[in-house]
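Summary of the model geometry
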Amino acid sequence: MRLIFCLSIFFLAAAAFGQGTTTADYYQYQRDQQFKKYMETTGSKGMAGSIKTNFNYSLDKKATDDFFELIRRRNQGNKVVETEEEKKAIRQQMEMDKIDAKIKADNAAEEARARNIGLSAVRKLTFRDGRIFEGFYYGKRLNDTDPLFMTLVSGKMTHTDGGVYVGSFAQHYGISYKWEYGIMHWPDGEMYSGEWRKDAYHGYGKFKRRNGDVYEGQFERGLYHGFGRLVNADGKVQEGFWSDGVFTGDEPPIASDIAGKDLSKKEIEGRRRSGQGKGRIPGLGGVYKGEFRNYNMHGKGTIEFDKGGSYTGDFFYDAIQGKGIMKFYNGEVYEGSYLMNKRNGTGTYRWPDGSVYEGEWKDNQKEGKGIMRWSNGDIYNGEWIKNNPSGLGKKTYADGRVEQGFWKDGKKIRENVSISNWETAAKENWTALRVPETDINIQRSLQDGQLKFKTKTGNYFWGWTDLDKAKPENYEYELVYEIKKEGFKNGQGGILIEIDEGNAPNYSKLLYMIQPDVQTYYLGMYNDAKREWTSLTSPNANGGWVHSSAVNGFAASGISTNKLRLTKAGDAITIFVNDKPLFTQIIQASGRPLDKFSGIGIVQGGLLEGSITAIRFH
């Protein structure tokens, strides 16, 4: 962030001056120097919780003078920026730009912090008019009784008349409105579920009136508008088009960009009242030729796009809907079903390299059942979600290999995982497992079948792997630590289990650690979204650290060797050191989803040097 902050200062200063090559060169010179310094001193930012870099983004007088001298020499004495007054003015402007950029950065950081807090837990908010909101929100109150400018995100809003809304919100000119999808119940039995915009039904939804009438279809500004179906309480059915709440049968409402125009004309801005026509439709990005109805593209037609490619097929109330063929400018072709301008239903998609997908679609993405044949010969036949194999399926590779079973996010879910040494562990795509000596925070490397490590700051650092989303119900994880005492006696090392507390991809971490120097151990949680630690062992004593003589201290050789083991069996998680049980946590009693396994890892904290000589997971 500081790098981004620094660069923003230079760009702001450049915009303020805009005085030709001299000023531009100066900014480039400063940027190069600072970036070089940053790269020399910073490497592992983001690996762990609170890490501060040594990046100095200040602009001092000496650096300015050095640059001016460089420019003077390059221009062989030509007058560039010579006077102290000019130098002083530039320095003052740069300081002002720096202060302005810092204010903006602080405001952005405060907004992000408030949003993170607001999305971390359900909270209650009472408005001055009596409405009560329970859900996710953030922002600052004007006072305790008037939270007008709070940003509501999602939750439950109870109105003074007893009406209850559950769904999403969005801000418009500083005020939060019901927006996107939500459900509203009224005390008299009326109910609406569907899309909203600025507190009004807008989009697709279902409305049940108190008299028993039920309408399902399109809305606009709170009125039936578009295609819909009304079933009256007496059994009468009206299915077709509606315009501002009035049933029009087969006649769609007037095209939205024609409203307010002279409707006596047979053709307006390329659209015909009815019948065949041809014209450039505003916002279309091409030319339409085909059938119109009430100035809407409706029926059969073709679009020739300006950027290349075309669509030929069905149109419905100004939307690509029905069956058709879309030819893209890059040579890709889709033939199949559309709904509201998106691939929905079944269809076939072909790529120029010969790859083909045949199957089901939802909102332009492969979803449902389908077969994908890649140009390299690989074939997948099974279920899809959001363009990825997800669910039951079978993949046959060109080399004859076959993977069959359940998939998620394009990867085969491995229900049973086994790691017996660092060679197999290293193949599991560990994050931050190898860190070079030049890193200012921690160094890790694999040597002779062991993982060597050395920390350089007092923070905690971890490396982990998600194990391809394996979900074992029971498991055992074991590490053997050899920790050196000399100069590094106060550090902690341990085992890490990733837990999905609903904050993916920033999973929480179940940490089992030991501190050999004082023979203590710790079992607790670190929530990555909240940046919050919770001890499970002894929350009220020594920060959760517990003494045990089973933890080996440092021997005369200056080495402490400890075998750490964590097991999950049913509803119990137990930790061991040197094969002696230390503590058992019943999952249900913890109040945390400790059974939501997501991966394994390692953790080192404080000043620590040593190696992990053995690893085992199964």
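Summarised in this report is the structure supplied together with it. (Residues numbered from 1 in each chain as written. Predicted model: local features only at pLDDT ≥ 70, side-chain atom pairs only at ≥ 80, totals over all residues. Heavy atoms only, no water.)

On to the pairing of strand β25 (residues 402–408). Pairing of strand β24 (residues 388–396) with β25, which is carried by six bridges, proceeds in the antiparallel orientation. Looking at the pairing, T396 lines up with V402 of β25. Between the end of β24 and the start of β25, which pair antiparallel, lie five residues, with G400 showing a positive phi angle near 100°. Two strands pair when backbone bridges link them, and β25 and strand β26 (residues 411–412) are joined in this way by two bridges, in the antiparallel orientation. Looking at β26, one finds that W407 is bridged to K412. In textbook terms, the turn of a hairpin is the stretch between consecutive antiparallel strands, and for β25 and β26 this stretch comprises two residues, one of which, D409, has a positive phi near 55°. (Pairing = 2+ DSSP bridges. Helix = DSSP H or I, 4+ residues; strand = E, 2+ residues; numbered from the N terminus.)

On to the sheet that holds strand β37 (residues 572–577). Pairing is antiparallel across the open sheet formed by seven strands, whose spatial order is β27-β28-β40-β30-β36-β37-β38. Looking along the sheet, the strands with just one partner apiece sit at the ends: β27 (442–447) and β38 (580–586). On average, adjacent strands in this sheet sit at an angle of 20° to one another, irrespective of strand direction. For strand β36 (residues 559–569) and β37, the ladder comprises six bridges, and the chain directions are antiparallel. Paired with K568 across the bridge in β37 is I573. (Axes fitted to C-alpha atoms, helices over the stretch in contact; angles between N-to-C directions.)

What follows deals with the environment of K530. Tracing the chain through its elements places K530 in the loop between β33 (520–527) and β34 (532–535). Sequence-wise, K530 and N503 are 27 residues apart; in three dimensions their C-alpha atoms are separated by 9.3 Å.

All right, on to the pattern of salt bridges then. For the coordinates displayed, the defined rule picks out 28 salt bridges. Residue R210 pairs with D188 through a salt bridge whose shortest N-O separation is 2.6 Å. With R210 in the loop between β7 (200–208) and β8 (214–220) and D188 in the loop between β5 (175–185) and β6 (191–197), the pair connects residues that are 22 residues apart, well separated along the chain. Ionic pairing is found between R272 and E267, a salt bridge with its closest N-O pair at 3.8 Å. The class for E267 is partly exposed, based on a relative accessible area of 41%. Ionic contacts of the salt-bridge type, sharing partners, join the residues E476, E478, K563, R565, D579 and R616 into one network. (Salt bridge = Lys/Arg side-chain N within 4 Å of Asp/Glu carboxyl O. Buried < 20%, exposed > 50% of the residue type's maximum accessible area, 1.4 Å probe, protein only.)

So, about the sheet that holds strand β3 (residues 151–158). With antiparallel pairing, eleven strands are arranged side by side in an open sheet as β1-β2-β3-β4-β5-β6-β7-β8-β9-β10-β11. Only two strands of the sheet have a single neighbouring strand rather than two, namely β1 (123–126) and β11 (246–249). Pairs of neighbouring strands in the sheet enclose a mean axial angle of 25°, with direction left out of account. Here strand β9 (residues 223–231) pairs with strand β10 (residues 237–243) via six bridges, running antiparallel. Bridging from a neighbouring strand, V231 pairs with V237 of β10.

Next up on the list: the packing of aromatic side chains. One pass over the structure, following the stated rule, counts 46 aromatic pairs. Where Y349 meets W351, the ring centres are 4.6 Å apart and the plane angle is 40°; that geometry is what we call tilted. Look at Y349 and you get buried, because its relative accessible area is 6%. The exposure class assigned to W351 is partly exposed, which follows from its relative accessible area of 24%. Aromatic side chains Y357 and W384 sit 5.3 Å apart centroid to centroid with 80° between the ring planes, which places their arrangement in the edge-to-face category. On the criterion of sequence distance, the pair formed by Y357 in strand β21 (residues 356–362) and W384 in strand β23 (residues 379–385) is long-range, its members being 27 residues apart. By the burial criterion, Y357 is buried, and W384 matches it. (Phe/Tyr/Trp six-rings, centres within 6.5 Å; stacked < 30°, edge-to-face > 60°.)

Bringing the nonpolar core into the picture now. With 44 residues, the main nonpolar core has W422, Y477, I497, L510, Y512, L566 and I602 as its most contacted residues. Element by element, the count of residues in this core is highest for strand β30 (residues 475–484), at five residues. Aside from chain neighbours lying at most four places away, what touches I497 is Y475, Y477, S508, K509, L510, L566, F597, G599 and I600. Counting residues in hydrophobic clusters, the runner-up holds 20 residues, among them I281, Y311, F315 and M372. (Core = buried A, V, L, I, M, F, W, Y, C linked by side-chain atoms within 4.5 Å. Contact = heavy atoms within 4.5 Å.)

This part takes up the environment of S390. With respect to the helices and strands, the residue S390 is situated in strand β24. Looking at S390, its side chain comes within polar contact range of the main-chain nitrogen of D409, at 3.1 Å. (Polar contact = N/O pair within 3.5 Å; in protein donor to acceptor, adjacent residues only side chain to side chain.)

With that settled, consider the pairing of β11. In this structure, β10 lies alongside β11, joined through three bridges in antiparallel fashion. In the sheet register, S243 faces β11, and the bridge partner there is V246. Linking β10 to β11, which pair antiparallel, is a turn of two residues; within it D244 sits at a positive phi near 50°.

Within the element layout of this structure, S310 appears in strand β17 (residues 309–316). Not counting residues within four places of it along the chain, the set of residues in contact with S310 comprises I303, E304, F305, I325, M326 and K327.

When you line up the elements, G313 lands in strand β17. Judged by relative accessible area, G313 falls into the buried class, the value being 11%. With 25 residues separating them along the chain, G313 and Y338 place their C-alpha atoms 9.7 Å apart. Residues contacting G313, with those up to four places away along its chain left out, are G299, K300, G301, K323 and G324.

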